[in-house]
Amino acid sequence: GFPHGSHETAIKLAEAQLALDEGCTELDMVINIGKMIAGDTLYVRNEIKLLADAAHAKGAILKVILETCLLTSEEIVEACKLSMEAGADFVKTSTGFGSAGASTVDVALMKKTVGDHLQVKASGGIRDYEQCMKMIEAGADRIGASASVKIMEVYNSEH
C-alpha cells in the first residue's frame, strides 16, 4: 500500500506475500490513513494483524508506517496502540512522501506510547547528523535517511 495506505487489505496482503516468498525479511506497510482518521480502528488493527501474522510466519518483521504528518497526536497514540495489539515489530513515522517527515515531537510520543514493546523508526526528512541525533535522543531505535552516507561521514569525523 505504499505510499498512501489506501489499497484494499487483500492487495496489501498479496503484495506482502509475494515479497516474503521472494525472500523479504522486513516488510513496511502504510496504515489506511482514511480509515484511521474516520475512527475505524477495527479495520486498521485487523489489517496490521494480517500483515504481522504473514511476516512472522516467514520469520520477517513488520514496520507500520503511520504518516504522522496527517494524524493528530491522539490518532498517533491510537495507531501505536493498534500496532502493539496487532503484533507489529516497529512503528514508523512516515513514508517520506507526505507533507512532512519525522519530527522529534512525534518520535517522542510514539516511544512514550510503545515503550519497549515495539521499536520506533524515524524516517522522512532526516538529512544531517544533528537531525539524526535528535531523533535518537527522542527515542528512535532506527533511522531511515537517504543521507545516511553523509550522516555517517560526520559521525566518523567526530568519533
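What you see is a predicted model, and the numbers here were worked out from it, not measured in a lab.

*Asks:* Hey, could you run me through the packing of helix 1 (residues 9-21) against helix 3 (residues 41-57) in this one?
*Replies:* Helix-helix packing is described using two parameters, namely the angle between the two axes and the distance between the axes. Between helix 1 and helix 3, the shortest axis-to-axis distance is 10 Å and the interhelical angle comes to 15 degrees. Taken together, the axes of helix 1 and helix 3 lie roughly parallel to each other. For the pair helix 1 and helix 3, the sense of crossing is right-handed. Along its contact with helix 1, which presents Thr 9, Lys 12, Leu 13, Ala 16, Gln 17 and Leu 20, the element helix 3 presents Tyr 43, Glu 47, Leu 50, Leu 51, Ala 54 and Ala 55. The class makeup of the residues in the contact of helix 1 with helix 3 is eight nonpolar, two polar and two charged.

*Asks:* Just checking my understanding: could you explain the packing of aromatic side chains for this structure?
*Replies:* Here the distance between the centres and the angle between the planes together describe a pair of aromatic rings. In the structure shown here, the tally under the stated rule is two aromatic pairs. An angle of 85 degrees between the planes, with centres 5.6 Å apart, marks the rings of Phe 2 and Phe 97 as edge-to-face. Residue Phe 2 is found in the segment before helix 1, and its partner Phe 97 is found in the loop between strand 3 (90-92) and helix 5 (104-114); the two are separated by 95 residues along the sequence. Relative accessible area serves as the criterion here: at 44%, Phe 2 is assigned to the partly exposed category. Look at Tyr 129 and Tyr 155: their rings are 6.2 Å apart centre to centre, the planes differ by 45 degrees, and that puts the pair in the tilted class. Of this pair, Tyr 129 sits in helix 6 (residues 129-138) while Tyr 155 sits in helix 7 (residues 148-158), and the two are 26 residues apart along the sequence. Judged by its relative accessible area of 34%, Tyr 155 falls in the partly exposed class. Stacked on the ring of Tyr 43, the Lys or Arg Lys 35 has its end atom at 4.7 Å from the ring centre.

*Asks:* Sorry if this is basic, but what is going on with the state of the cysteines here?
*Replies:* What is meant by a disulfide is a covalent connection between two cysteines, made through their sulfur atoms. Tallied over the full model, the rule gives zero disulfides. Summary of cysteine pairing: Cys 69 is not part of a disulfide, and the nearest cysteine sulfur, belonging to Cys 80, is at 14 Å. The class for Cys 80 is buried, based on a relative accessible area of 0%.

Parameters and conventions
Residues numbered from 1 in each chain as written. Predicted model: local features only at pLDDT ≥ 70, side-chain atom pairs only at ≥ 80, totals over all residues. Heavy atoms only, no water. Axes fitted to C-alpha atoms, helices over the stretch in contact; angles between N-to-C directions. Helix = DSSP H or I, 4+ residues; strand = E, 2+ residues; numbered from the N terminus. Parallel < 35°, antiparallel > 145°, perpendicular 65-115°, else oblique. Left-handed = near helix turned anticlockwise from the far one by under 90°. Contact = heavy atoms within 4.5 Å. Nonpolar A, V, L, I, M, F, W, Y, C, P; charged D, E, K, R; others polar. Phe/Tyr/Trp six-rings, centres within 6.5 Å; stacked < 30°, edge-to-face > 60°. Buried < 20%, exposed > 50% of the residue type's maximum accessible area, 1.4 Å probe, protein only. Lys NZ or Arg CZ within 6 Å of the ring centre and 35° of its normal. Disulfide = S-S within 2.5 Å.

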